[in-house]
Each structure stands twice: as structure tokens, then as C-alpha cells.
Amino acid sequence: MMEKLKYVLLFVLGVLSFTSCYKDLGNYDYSEINQVTFSGFPEEMQYAYRLVDTVRVTPVIEGSLEGKDLNNYSLKWQAVVKSGSVDGATTFDLDSNRLDLKYFVQLPEAKYTVYLLVEDKTSGVTWRQGFDLQVTSATYEGWLVLSEDSEGFSHLDMISTSTPEEKIIRNLWADSPLREFKGPKSLHLLGGMSAPRPVYFLAEEAQAKLDDDDFSYDYENDLMYEFAEWRDGFVPTCIVGTYGDCRLCIGKDGVYGKGTIAGAIYGMRLNKLDGETDYFDVAPAIGMSGIYYNTYGGTAILYDETNQRFVQVTSDMNKVQKPSAEEKVFSFTTGKSFVHMSNTMHGSKGETYTILKDNAGKLWIYGIEVGNSNYVAQVSGHYYQLDAPEIERATAFAVHPRDYDLYYAVDNKIYCYNINSKACRLLPIKMESDEIVTQFSGEEITMLKFNIFVMGDYSKPAGSGEMQYRLIVGSKETIGDNALKGHVRMLELPATSSQNASVYRSYDGFGVVKDVIYRERN
């Protein structure tokens, strides 16, 4: 047994001796690889207007072996779409073989990560560093301001909100035939589920759908080409779109509707009731719910100026009839002349307020709920004569979309009248200089309005819904020729009657302000 153990031990020692004498023939002659580091890249999201801005980045790259010598590198700048693809592509080459980026932005509108790719020619290793870039059109989103110059021609500017800092884009129609048309009246962004939602321009001498991106004009987009019948002398005064993609267009002597079928056109005139032989004239306003989803199968209220009565457009926009509501509060035949109409989000349906003038020159308010499926109802308590300071002299009106306040302008002053309590006060306004004023000295107010989002605020950034509740005031200077001396102010309104309003934003350099709308994208 001991003899056997001895042989085993000798075998193990022999194996150990053999392995300790084995010569390692492997290649362990390693070379250090060049390590590239980056600096000088933006750390926050960069914003750029397409076909306007130039993106500039001056980075520094340093190699652990090469230092700052660039001769051993191949350089390339690329933009990679952050989500999905744009125009069928996910990657766009911007520049090659240059360290500093100076790129005039031509990328499609999207969010990107822009990378600098650095390939080491010796090792074949590619290093990269990037920054975030959002490309947008300067006219993608923002406030459109329609004004009239000193000769009566149309003028369009935009207060762009496409990037964090607002930018005023002047005279969008400088090279457009639209600047040759006189009598600008209004702009209309049509609601509906189909995007993009069109913007229409209405004037005495022109009516057209504007380009979705830059608001330019093409004769093929004249509004007349959307009609089966376009009568000579017809001048549209208002146009709306419902959440269900129906359309309603009115002029003084014409009411036209079209349905949801793709390619549908406006049909025959509707402003004549069954059993009547004559067409009637309509006031330049359309009463609809200010709550966007209540317009899906929504109806509309018009004011018949010929017969001085309210009439109703059915929810399919194919017929005008007497209102379907009971006359519990007032007669729909009023015997009064039209002054103003405002749509709101009051109540669960949305309420339309109409101001009419009687033969004695007194103003009356009429509240009518307008909702889905031909729903119309008179609102108790919102029908009475308006007894307020100087209200018979008012030249502009607006009803708050959420609160029960009527604002009206007299010369250069603004009054606030509560529809429920009937309390009224001259509105004190805190200017940008912190001065409290009750009139805009040397100016005349030409427009008051609220801008209700046509698709609500559910898909918009947090806080943007408050834009709907700021009073937009257009005014002009009363000294001189008023050439580009128009002002637009947006007022933050007080929560109580003991507080001041304040100027949230102020802009100038316009003609006589005719209309202001927000160009929504969501």
C-alpha cells in the first residue's frame, strides 16, 4: 500500500514540474487605444426655426493619445429623430469633416438628437456626443394678428410661440396678393377632429383658406371653390367648424352648410324657413357651444335681421328652422336689432349671449344654451335690459368664457359687468410700468375678444388653458394717421371685483386691429 502511494506522489510531482516548466507562447504585447472626450456641447434642449435659424456649436474633442490634433479623425454631424421617423427617414446628415457646426436649419419639423461622430482612423473606433434639438416652423403656432393699414389694405403679423421665447414675425403677406385686398374682417380657425385644422381669412374683397404652414395664398384655395353655388356679391362674414367636421359659412344674405363626407362642398342657400318664400338676411355671428365636444353633433343659433328673430341651424348643417326650445323666458321673435353675440363654456352645455337694441336705443341680453343633437334652451335669469354706465355707446363686447362677466369698451375705457349680479365697474388695469389706469390714454379700443380653443386644452401643455381666459384688447392711437400704430394687449383678469386687471403681454406695430386668433396645432 505504501509502495502504491509513493508512485502516486511521484506522478503528481512530475505533473507539477512539467507544468511549471511550460513556456507561455501567447501574445501579450498590448497597445493603448486612443480615448476621445468631448466638451462644449449644449446641455439643454435647443430650439430652431426651420429655414430661418442657424445652429452653431463649437465643441472641443481631445484624445488621450492624439490630444487635440484632428488629423487622425473622420468627422460627421448627424441628426437622429428622437421618436419614429420624419418623411420616411430617421437620420439626416448635416455636415462632414468639420468640427464646428454651422448649420442653416433645413430639417423637417421634429425633435432630434444631433450627434458629432468621431471615427479614429487608426483603431476604427467611432466615438459620439450629442445634444437635443427641436426644429419648428416660425409660423407653426402662435397668435395671428389681422389688421388694416392706413389705406384700408389687409395686414397679417404673427406672435410666434413655437419656441420658449416669443417672436413677432412681421408682415407675413409682404409678397402675397392678399395684401392687395381691402376691408379685412376676421380670421377663423375651424374646429374638428381632422388635422391640420384650416385657417380662413375673410375680407370685403377676398375670402380664402390660408396655407397650413406659412399662411400664404393660392387662388385654388379661394373659398368660392368650396361652394356648389357662389352668388355674385356674396361676402362671407363668419365661418365655423364643428368637432364632428361639419362646416357652416354665413354672409349677410346667405347661410351655407356642408357635412362630414370627404370632399363635401357647401350646398344651396339655407336662410329661408319652410313655408316662407323669401330669403332673410343674417347677422355676422354664429352661436354655438364654446365647449368643443358639445359641437360634435352640435347645432347653431343665428339672428335673422330681416324678421328680427332667432333661428336654428340643425346639427347636420343642412337646414334652418325655428328654434326647437320652448319660449319660457322670451319670444324668439324679438323686434330688436342685432348688436353682438358671444359663445361661452358656461354651464354643462355652453351658453350663447346675444345683445340686441330696441327702438329706444336700449340694449338687452339674451342667454341661450346650445348643445348636441339640436339641443337649444332659453336660460332663465339671462334675459333683461342692460342697465350699465355708457353701455349704449359701447363699440366692442366680449363675454368671459368661464366667468359670468360681460366686458364692453367705450372710447379708451373697459367696463366689467357681471351677468348674474348686474354689478358693473370701470376696469382698473395695472400697466407694465406698474401704473394703475382706467383708460388707455391717446388710444381708441377697436376690438375685445376671448380666444376659446377650438379643441379645448386637454392636449396642450399644463397652464396653457389660461390663455382662453385673458381678455384680448385691440386699440389704435388717435393721433396721426394710425399707420402701424395699433396695439394688442392681453389682460390677466382679477378673481374678485376688488382687484385690478393687469397687462400680461403687450405688443405694438400693427395696423388697426381687426381680429386676433391663436393658431392651435393640438
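Rules behind the numbers
Residues numbered from 1 in each chain as written. Predicted model: local features only at pLDDT ≥ 70, side-chain atom pairs only at ≥ 80, totals over all residues. Heavy atoms only, no water. Salt bridge = Lys/Arg side-chain N within 4 Å of Asp/Glu carboxyl O. Helix = DSSP H or I, 4+ residues; strand = E, 2+ residues; numbered from the N terminus. Buried < 20%, exposed > 50% of the residue type's maximum accessible area, 1.4 Å probe, protein only. Phe/Tyr/Trp six-rings, centres within 6.5 Å; stacked < 30°, edge-to-face > 60°. Core = buried A, V, L, I, M, F, W, Y, C linked by side-chain atoms within 4.5 Å. Contact = heavy atoms within 4.5 Å. Pairing = 2+ DSSP bridges. Disulfide = S-S within 2.5 Å. Lys, Arg positive; Asp, Glu negative; His and termini not counted. Polar contact = N/O pair within 3.5 Å; in protein donor to acceptor, adjacent residues only side chain to side chain.

Caption draft 1: Spotlight on the pattern of salt bridges. In the structure shown here, the tally under the stated rule is 22 salt bridges. Among the salt bridges present, the one from E166 reaches R505, with a minimum N-O distance of 3.5 Å. Here E166, found in the loop between β11 (154–160) and β12 (167–169), pairs with R505, found in strand β35 (residues 501–510); they are 339 residues apart in sequence, far enough to count as distant. Classification of E166 as partly exposed rests on a relative accessible area of 35%. With relative accessibility at 30%, the residue R505 sits in the partly exposed group. Across the pair K319 and D274 runs a salt bridge, and its minimum N-O distance is 3.0 Å. Taken together, the residues K319 in the loop between β20 (309–313) and β21 (320–321) and D274 in the loop between β18 (254–258) and β19 (300–304) connect sequence positions 45 residues apart. Connected through shared salt-bridge partners, E390, R393, D411 and K413 make up one network.

Caption draft 2: The arrangement of the packing of aromatic side chains in detail. Enumeration according to the criterion identifies 28 aromatic pairs in this entry. Ring centres 6.0 Å apart and planes at 80° place the aromatic pair F92 and Y112 in the edge-to-face group. In this pair, F92 is assigned in strand β6 (residues 91–96) and Y112 in strand β8 (residues 110–120), connecting sequence segments 20 residues apart. As far as burial versus exposure is concerned, F92 and Y112 are alike and both buried. Plain terms: the ring middles of W143 and Y518 are 4.9 Å apart, the flat faces sit at 70° to each other, and that makes the pair edge-to-face.

Caption draft 3: Here's a closer look at the nonpolar core. Formed by 28 residues in total, the largest nonpolar core has its most connected members in I61, W77, L107, Y112, L116 and F131. When residues of this core are traced back to their parent elements, those giving at least two are β1 (36–39), β3 (54–57), β5 (73–81), β6, β7 (101–104), β8 and β9 (126–136). When sequence neighbours within four positions are dropped, the list of residues in contact with Y112 reads A79, V80, V81, K82, V86, F92, L107, F131, D132, L133 and V135. If you look at the next biggest cluster of nonpolar residues, it comprises 20 residues, including A398, I414, V437 and F450.

Caption draft 4: Up close: the environment of L70. As for its position among the elements, L70 is in the loop between β4 (60–63) and β5. Judged by relative accessible area, L70 falls into the partly exposed class, the value being 30%. For the pair L70 and E327, spaced 257 residues apart in sequence, the C-alpha separation works out to 84 Å. In contact with L70, other than residues within four places in its own chain, are I61 and L99.

Caption draft 5: Representation of unusual backbone geometry. Phi angles above zero are rare outside glycine, and N97 is one such case at about 55°. Inspection of the secondary structure puts N97 in the loop between β6 and β7.

Caption draft 6: Region of interest: the sheet that holds β20. Pairing is antiparallel in the open sheet, where three strands are placed in the order β19-β20-β21. Each of the sheet's edge strands pairs with one partner strand only, and the pair in question is β19 and β21. Pairing analysis gives five bridges linking β19 to β20, with the strands arranged antiparallel. Bridge assignment links Y303 to a residue of β20, and that residue is F310.

Caption draft 7: The arrangement of the state of the cysteines in detail. Taken as a whole and judged by the stated rule, the model has zero disulfides. For the unlinked cysteine C249, the closest cysteine sulfur is that of C238, found at 8.3 Å. You can call C249 buried: its relative accessible area is 0%. The structure places no disulfide on C424, whose sulfur is separated from the nearest cysteine sulfur, that of C416, by 7.2 Å.

Caption draft 8: Up close: the side chain of E351. Here E351 is to be found in strand β23 (residues 351–357). For the buried E351, no salt bridge exists, and the shortest N-O distance to an oppositely charged side chain is 13 Å, to K349. In terms of polar contacts, E351 uses its side chain to reach the side chain of H382, at 2.7 Å. Leaving out residues up to four positions away in the same chain, E351 has contacts with S342, N343, T344, H346, G367, I368, E369, V379, H382 and Y404.

None of the figures reported here should be taken as evidence of function without further support.
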